[in-house]
Amino acid sequence: MVHTQSLSLLPRNADSVPFLELRQSLPSRVAVVSPFVDQLIRFILNFRIADGSEIDIEMALLEALTNAVIHGNGETSSKPIYVTCRCYLDGEVAITVRDEGKGFDIGAVPDPTFPENLLFTHGRGIYLMKTLMDEVSFEEGGAVVMMRKNSKASSPDQRKP
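Residues numbered from 1 in each chain as written. Predicted model: local features only at pLDDT ≥ 70, side-chain atom pairs only at ≥ 80, totals over all residues. Heavy atoms only, no water.

A count of helical and extended segments in the protein chain gives four helices and six strands. Counting helices and strands in the order they occur from the N terminus, the protein chain gives β-β-α-α-β-β-α-β-β-α. By the burial criterion, 39% of the 161 residues in the protein chain qualify as buried. Of all intrachain contacts in the protein chain linking residues separated by at least 6 positions in sequence, the fraction that spans at least 24 positions is 58%. Summed over its atoms, the accessible surface of the protein chain is roughly 9100 Å², and 55% of this surface lies on carbon and sulfur atoms. (Helix = DSSP H or I, 4+ residues; strand = E, 2+ residues; numbered from the N terminus. Buried < 20%, exposed > 50% of the residue type's maximum accessible area, 1.4 Å probe, protein only. Contact = heavy atoms within 4.5 Å. Areas by Shrake-Rupley, 256 points an atom, 1.4 Å probe, with all protein chains shown as cover.)

Below, the structure written as structure tokens:
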């Protein structure tokens, strides 16, 4: 079961674009990740012109949530995953995923593009998030991932007929 905690229209600051924020929590079960991502992408598309980058957001979100469920909370369904999604009126999307785990050392994560790691069947999630999103950062020792994606449709070149 996914729980909506709040929905509000807030400005970034006095000089910036307003946004809608959705906060939700979900149990640490792999089975809820994909349906939740589908639901969140539909929410995002209500506030953003489809520009092809929504597949990047979807894949990065799948990776962040799966990592939070498996590595962060150890698939303990009583430990929730917290998701905050901000949809700015200029098309930018900012997503924060928080788990209740101890985090990890980002420097200890092997680079999946190194020859010795190419055949591993895991270990590409962080690399994919960083590749697909415009900005990715890890806070609180890795228990919080923050991702941002700008809209291609909001750039002046994209709006011209």
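Here we take up helix H1 (residues 30–45). Helical geometry: 3.6 residues make up each α-helical turn, so side chains three or four residues apart lie on a common side. Between its first and last C-alpha atoms H1 spans 24 Å; for 16 residues at 1.5 Å apiece the expected length is 22 Å, and the two agree. The set of residues buried in H1 consists of Val32, Val33, Phe36, Val37, Leu40, Ile41, Phe43 and Ile44. (Expected span 1.5 Å × (residues − 1).)

Moving on, we come to the nonpolar core. With 31 residues, the main nonpolar core has Leu40, Ile44, Leu65, Val83, Ile95, Val97 and Met147 as its most contacted residues. Ranked by residue count, the leading element in this core is H1, at eight residues. Setting aside anything within four residues of it in sequence, one finds methionine 147 in contact with Ala60, Leu61, Ala64, Val93, Ala94, Ile95, Met129, Met133, Glu135 and Val136. (Core = buried A, V, L, I, M, F, W, Y, C linked by side-chain atoms within 4.5 Å.)

Detailed reading of predicted coordinates is not advised where the pLDDT is low. Model confidence for the protein chain is summarised by a mean pLDDT of 83, while 79% of its residues fall at 70 or above. In the predicted structure, residues 155–161 sits below a pLDDT of 50 and forms four contacts with residues beyond four places in sequence or in another chain. (pLDDT = per-residue confidence, 0-100.)

Moving on, we come to the side chain of asparagine 73. Mapped onto the secondary structure, asparagine 73 falls in the loop between helix H2 (54–72) and strand S3 (80–88). Side-chain polar atoms of asparagine 73 contact the backbone oxygen of proline 80, separated by 3.1 Å. Discounting residues that sit within four places of it in the chain, asparagine 73 has contacts with Ser28, Ala68, Lys79, Pro80, Ile81, Asp99, Glu100 and Gly101. (Polar contact = N/O pair within 3.5 Å; in protein donor to acceptor, adjacent residues only side chain to side chain.)

A word on the packing of H1 against H2. If you want to describe how two helices pack, look at the angle between their axes and the distance between the axes. The N-to-C vectors of H1 and H2 enclose an angle of 145°; their axes lie 10 Å apart at closest approach. Here H1 runs over H2; the crossing is right-handed. Only Glu54, Ile57, Glu58, Leu61, Leu62, Leu65, Thr66, Val69 and Ile70 of H2 make contact with H1, whose side of the interface consists of Val30, Val33, Ser34, Phe36, Val37, Asp38, Leu40, Ile41, Ile44 and Leu45. Of the residues in the contact of H1 with H2, the class split is 14 nonpolar, two polar and three charged. (Axes fitted to C-alpha atoms, helices over the stretch in contact; angles between N-to-C directions. Left-handed = near helix turned anticlockwise from the far one by under 90°. Nonpolar A, V, L, I, M, F, W, Y, C, P; charged D, E, K, R; others polar.)

A few words on the pairing of S3. In this structure, strand S2 (residues 18–27) lies alongside S3, joined through nine bridges in antiparallel fashion. Its bridge partner lying in S3, leucine 26 is registered against isoleucine 81. Two elements, S3 and strand S4 (residues 93–98), share six bridges in a ladder whose sense is antiparallel. Of the residues in S4, the one forming a bridge with cysteine 85 is isoleucine 95. Counted between consecutive antiparallel strands, the loop separating S3 from S4 contains four residues, among which glycine 91 sits at a positive phi close to 100°. (Pairing = 2+ DSSP bridges.)

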